[in-house]
Amino acid sequence: MSHSSGGTPGSGAPRSADLFAGAVVAAVAVAAIVVSRDFPTMGGLDTDVGPARFPIIYAGALIVLSAILVIGRLLKRETQAAPAEPQAPAEAFRFHRVAIGVVATAVYIYMLSLLGYLPTTVVFLIGMMRLMGMRSWVRAPIIAVAVTAFLYLVFLYALQIPLPDGSLFETGEF
C-alpha cells in the first residue's frame, strides 16, 4: 500500500485512501441515481426540480467530483520526499476523530426519528464543530442554530419538504 503524500498542500492522505474514497463516493452516487429513478415527479413538469431530480443532480455532481479526485490522484507525480519518521500518532489521533464523527452521525440519524430535526441537528452541529476544532462555546451554538434554522426554512418553504418532527412529539388519538 502506498502511503505517499501528495494531493493538496498539507494533505497527508495516502494515495490509496483518496482512490478508495473516490470509488466509494462514486458507487454511492450511482446507487442514489438508481434508487431515485423511482421517486415521484412534481406534477409532470420537465423543468421542476422535485424529489426525483434533486438526488440525481447531487449524485451527478458527486460522480464528477469523485472522478476529479481519482484522476487527479492518479496523474499526480510524487514530487515530495517521504517524511523522515512515521507520523503514526497524528494518524491515530485523526482516526479517532473520524471514528467519533462516524458514530455521532449514526446516532444523529437514529435520533432524528425520535427527537426530530430541530433539536437533534443543533446538538449534532455543535458536537461536530467542537470535534473539528472550534473552541468557542458561544459561536458554536449560534452557528448551529442559524444553520439549522436556515436549512429548516429552505426545506419547509422553498422545497416544500417537511423535516421530521420526531416520534416523541407526535400526538396520537386514543
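What you see is a predicted model; the values in this text were computed from it and never measured. (Residues numbered from 1 in each chain as written. Predicted model: local features only at pLDDT ≥ 70, side-chain atom pairs only at ≥ 80, totals over all residues. Heavy atoms only, no water.)

### Some details on the UniProt feature "transmembrane region" (unreviewed entry) in the protein chain
Per the UniProt annotation, the sites labelled "transmembrane region" (unreviewed entry) are residues 19–36, 56–75, 95–118 and 138–159. The distance from the first to the last C-alpha atom of residues 56–75 is 28 Å, and the span holds 100% helix and 0% strand. (UniProt positions renumbered as here; feature names shortened; annotations may be inferred. Helix = DSSP H or I, 4+ residues; strand = E, 2+ residues; numbered from the N terminus.)

### Things to note about the confidence of the model for the protein chain
Low pLDDT marks stretches whose predicted atomic positions should not be read closely. This prediction gives the protein chain a mean pLDDT of 76; 72% of its residues lie at or above 70. The least confident element of the protein chain, judged by mean pLDDT, is helix 3 (residues 88–115) at 76; the most confident is helix 4 (residues 117–131) at 90. With pLDDT under 50 throughout, residues 1–10 is counted as low confidence; its partners more than four residues away or in other chains account for 21 contacts. (pLDDT = per-residue confidence, 0-100. Contact = heavy atoms within 4.5 Å.)

### Structural notes on the packing of aromatic side chains
Counted by the stated rule, this structure contains two aromatic pairs. Ring centres of Tyr 108 and Phe 124 lie 4.4 Å apart, and the angle between their planes is 20 degrees; on these two criteria the pair is classed as stacked. With Tyr 108 in helix 3 and Phe 124 in helix 4, the pair connects residues that are 16 residues apart, well separated along the chain. The buried category is assigned to Tyr 108, whose relative accessible area is 15%. For Phe 124, a relative accessible area of 18% gives the class buried. Their ring planes at 20 degrees and their centres at 6.2 Å tell us that Tyr 117 and Tyr 152 sit as a pair that is stacked. Note that Tyr 117 is positioned in helix 4 and Tyr 152 in helix 5 (residues 139–158), a separation of 35 residues in sequence. You can call Tyr 152 partly exposed: its relative accessible area is 23%. (Phe/Tyr/Trp six-rings, centres within 6.5 Å; stacked < 30°, edge-to-face > 60°. Buried < 20%, exposed > 50% of the residue type's maximum accessible area, 1.4 Å probe, protein only.)

### Side note on helix 4
Each α-helix turn comprises 3.6 residues. Residues three or four places apart therefore point the same way. For helix 4, built from 15 residues, the straight-helix expectation of 21 Å at 1.5 Å per residue is met to within 8% by its first-to-last C-alpha distance of 20 Å. Of the positions making up helix 4, those classed as buried are Tyr 117, Thr 120, Thr 121, Val 122, Phe 124, Ile 126, Met 128, Met 129 and Leu 131. Following helix 4 by one or two positions, Gly 133 has its phi on the positive side, about 115 degrees. (Expected span 1.5 Å × (residues − 1).)

### Details of the nonpolar core
Counting seven residues, the largest nonpolar core is built from Tyr 108, Leu 112, Tyr 117, Phe 124, Met 128, Leu 131 and Leu 163. Mapped by element, the contributors of at least two residues to this core are helix 3 and helix 4. Per-element tally for this core: the top contributor is helix 4, with four residues. Those residues in contact with Phe 124 that sit more than four places away from it in its chain are Ala 104, Thr 105 and Tyr 108. Residues Ile 126, Met 129, Met 134 and Ala 140 belong to the second largest nonpolar core, which totals six residues. (Core = buried A, V, L, I, M, F, W, Y, C linked by side-chain atoms within 4.5 Å.)

### Comments concerning the side chain of Thr 148
Inspection of the secondary structure puts Thr 148 in helix 5. At 2.7 Å, the side chain of Thr 148 and the backbone oxygen of Ala 144 are in polar contact. Those residues in contact with Thr 148 that lie beyond four places of it in its chain are Tyr 117, Leu 118, Thr 121, Val 122 and Leu 125. (Polar contact = N/O pair within 3.5 Å; in protein donor to acceptor, adjacent residues only side chain to side chain.)

### Here's the deal with helix 5
Here helix 5 is 20 residues long and its end C-alpha atoms lie 27 Å apart, about the 28 Å a rise of 1.5 Å per residue gives. Each element contacted by the buried residues of helix 5 is listed here: helix 4. Phi turns positive, to about 55 degrees, at Gln 160, one or two residues after helix 5.

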